[in-house]
Amino acid sequence: MSAGTGPQAINQQESALATAPNVTAYAAANSYTKGQIVSFSGNFYVNVSNAGPGLDPVSDPGLWRQICSTTPTIQGDIYMGSGPDTLSVTAGTVIGRTIAMGGQLNTVAVNGTATNPANVTGAITQLSGGTLALSVNNGTLIDLNPALAQATHSINVGATGVLNVTADPLNNRNTQFVLTGPSATATIASGGQIGLSMASLQTAAAQNYIVIAGAPGSITAAGLGAASIGNTPFLYTATAAFVASDPAHGGQSEVQLTVDRKTAQQLGFNAAEASAFNAVLGGLSTQAAADQGLQSALLAQTTQTGLKSVYDQLLPNQGQGIFQALDAAVERVSAFVGTPPDNATHIGGSSLWVQEVNERVERSGIDTLGSKSQLFGVVGGYERMGAGGGALGVSLGYFNVQENDSASQLGSRDVASLIEGSVYYRRSFGNLTFAARGGGGFGWFSSNRIFAYLQTYDIAQSNWTGAFIDGHVGLAYEVKLFGGFYARPEVSLDYLDLHQGSFQEAGATTSMNLHVTPHNDTQFSGQGLMVLGRQWGKGAWFRSELRLGYREVIEGQVGDTTASFANGTPFTLAGDPDKGGWATVGFSLKTGSEFSYLALEGDADFRKGQRRYDLRVAGRSVF
């Protein structure tokens, strides 16, 4: 909106419904003709086609056109004349990037009512020679202009008013009103507030801003304090203070804001979030235009939930879900090859087998972000078994894993494609069965990390490779009970070591891109199971089993990830605790003969901060 070159005034106010000229309140029993104006549901409408009874503007919008609202709004930039200029808002809102005033006395008055506060937002500027007269009560004036030494004639903030200023720490400036002239004064009534917006990130632990300055005695604001601050970004705490005489600045009176950066603990961050805190703030505190959207997204958050939802998008995925899904998959394969295929009849010969693996890992996270992972795999093998109960075999498998952490936006994911080969040996001594398996594999990894908040959208992509080895030893002893019932206690040890190489993300916003160093994830665990089952038949048989047990991590290190932003300091995100154990339950349904069988099996593991589920189908044929 441009108002010309001379003195200009814009007055925005409201008219009560049905009291404005030519306006009647809509009545459902009436008919209306083209051109009649009615008030309905808080808006004004003009009839554009004759409307019969009951055809109201909301239910039948084709008969009506909305022409205005009872709550007025100006949306867009305002350019006033050369001055003196006046912007008076007693109702509704004014929202723009710029409110440009003239070169004389410029008045901005935001004075709503207790029931209908007024709000004005924009960067207030003025021509050379201009001075501001600001008045706020029953409303909020948000000045987005972080310019120092703005000449000001008067400031009056009422008991229900908020004067919101803007700080720009990156450029060492902030909104600052300097009372100019012998009669210049500023008054902030008890209950009045100084609001705070941040145009850039403050990396310093504490910073002081002078927002109003004047001659000694020109400011009245004795009631200012911590409760006098509104709209502060959740990253910071702010305190307002009235300084009657500041010796550091010639004894002038001041209104100061002290902004303290909250600690990671005060923000409620977990260990991983806290580890990256300084690096995130430092990495994004640049003048690059692309970084302004990332900074604004963080600074717009006034709650813990909002801040975490934005901040967590900047962190690397630690890959714990991928590792745990792979760990579960190789354990299931080891359990499969450790089971004799012939139901203890010890028929010698060769056999081919295939197993489908389907794992789901849900992590709520303890010291890290939570995540959800899905693994699908197919494993096949060949073995040669002797009549004495011994068997030697090989296997080859493919696994595909996808992980999304709790901060992932639509399209964000980490993906791993893994191949594994193994050699295993199994031996039965009567009711006792021993099995051992050793394997290794190679993997291809990719990541899409997306940052999305309002109009800010950035994507960082990367690719890397990795390798792993795994091992298993186990013992099982089956005891016949009565009828077809049996019990089989089992104990086993499993080991997995996954190495992933380094990678550099590439994306549109350089400062968001991460460099992640190589890292190793390892886990050595032991498990004890009690299997209870029943068998029907011998030549052709069917077995149903229920498994109950406990798995304990003996040693391990999973999820520790070291990364750095462009030209930033490296930081390390520690994984969730690597020790501890969890309960496991499962079932098995098998049917077969002396020469083949088919199985449907499932398991569920319940660990603090993590749950693993799987369902798999396997089949084997002896020839």
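Description of the structure in this document. (Residues numbered from 1 in each chain as written. Predicted model: local features only at pLDDT ≥ 70, side-chain atom pairs only at ≥ 80, totals over all residues. Heavy atoms only, no water.)

**Re the overall build of the chain**
Our working rule: Secondary structure follows DSSP: runs of H or I at least 4 residues long count as helices, runs of E at least 2 residues long count as strands, and numbering of each begins at the N terminus. Using C-alpha atoms as the atom set, the radius of gyration is obtained and then compared with a globule rule of 2.2 Å times the number of residues to the power 0.38. By definition in these notes, contact holds between two residues if any of their heavy atoms fall within 4.5 Å. Surface accessibility follows the Shrake-Rupley procedure with a 1.4 Å probe radius. Residue values consider only the protein chains on display as shielding. Charge convention: Lys and Arg are scored as positive, Asp and Glu as negative, and His as well as the terminal groups of each chain are ignored. Lys charges are placed at NZ, Arg charges at CZ, Asp charges at CG and Glu charges at CD.
What the chain contains, in helices and strands, is six helices and 42 strands. Against the globule reference of 25 Å for 623 residues, the chain gives a C-alpha radius of gyration of 36 Å, more extended than a compact globule. Taking the principal axes of the C-alpha coordinates as reference, the chain spans close to 110 × 75 × 40 Å. Pairs at least 24 residues apart make up 63% of the contacts formed inside the chain by residues separated by at least 6 positions. Counting every atom, the chain has about 25700 Å² of accessible surface; 58% of that belongs to carbon and sulfur. Separation between the mean location of the 32 positive side-chain charges and that of the 44 negative ones in the chain comes to 10 Å.

**Points about the layout of surface pockets**
The condition that has to hold: Only protein atoms enter the 1 Å grid used here, on which a cavity is any set of points holding a 1.4 Å probe that cannot leave and a pocket is any open set flanked by protein within 12 Å on both sides along at least five of seven lines; residues with an atom within 4 Å of a point are listed as lining. Grid points are joined across faces, edges and corners, and a volume is the space filled by probe spheres set on the points. As a working rule, the residues Ala, Val, Leu, Ile, Met, Phe, Trp, Tyr, Cys and Pro are called nonpolar, Asp, Glu, Lys and Arg charged, and the rest polar, with Gly in that last group.
Looking at the second largest pocket, its volume works out to about 350 Å³. In terms of lining, the second largest pocket is formed by 14 residues, of which the most central are Leu-144, Ser-197, Met-198, Ala-199 and Ser-296. No other element matches strand E19 (residues 193–198), which puts three residues into the lining of the second largest pocket. Looking at side-chain class alone, the lining of the second largest pocket contains eight nonpolar, five polar and one charged residues.

**Regarding the sheet that holds strand E35 (residues 514–516)**
Filter applied, for reference: At least two DSSP bridges between two strands are needed for those strands to be called paired.
Across the sheet, which stays open at both edges, the four strands sit in the order E33-E35-E38-E39 with antiparallel pairing between neighbours. Each of the sheet's edge strands pairs with one partner strand only, and the pair in question is strand E33 (503–504) and strand E39 (571–573).

**Some details on the nonpolar core**
Threshold: Definition used in this section: a nonpolar core is a set of buried Ala, Val, Leu, Ile, Met, Phe, Trp, Tyr and Cys residues joined via side-chain atoms within 4.5 Å. Here the term buried applies to any residue with accessible area under 20% of the maximum for its type, exposed to any over 50%, and partly exposed to those in between, with areas from a 1.4 Å probe on protein chains only.
With 105 residues, the main nonpolar core has Leu-141, Ile-212, Leu-235, Leu-257 and Leu-298 as its most contacted residues. Here this core takes nine residues from helix H6 (residues 320–337), the largest share from any one element. Ignoring anything within four residues of it in the chain, the contact list for Leu-235 reads Leu-201, Asp-260, Arg-261, Lys-262, Leu-267, Phe-277, Leu-281, Leu-298, Leu-299 and Leu-307. Tyr-26, Val-38, Tyr-45 and Trp-64 belong to the second largest nonpolar core, which has seven residues in total.

**Description of the side chain of Thr-561**
Along the chain, Thr-561 falls in strand E38 (residues 561–565). Classification of Thr-561 by relative accessible area gives buried; the value is 2%. Contact partners of Thr-561, with chain neighbours within four places excluded, come to Gln-318, Val-516, His-519, Phe-571, Thr-572 and Leu-573.

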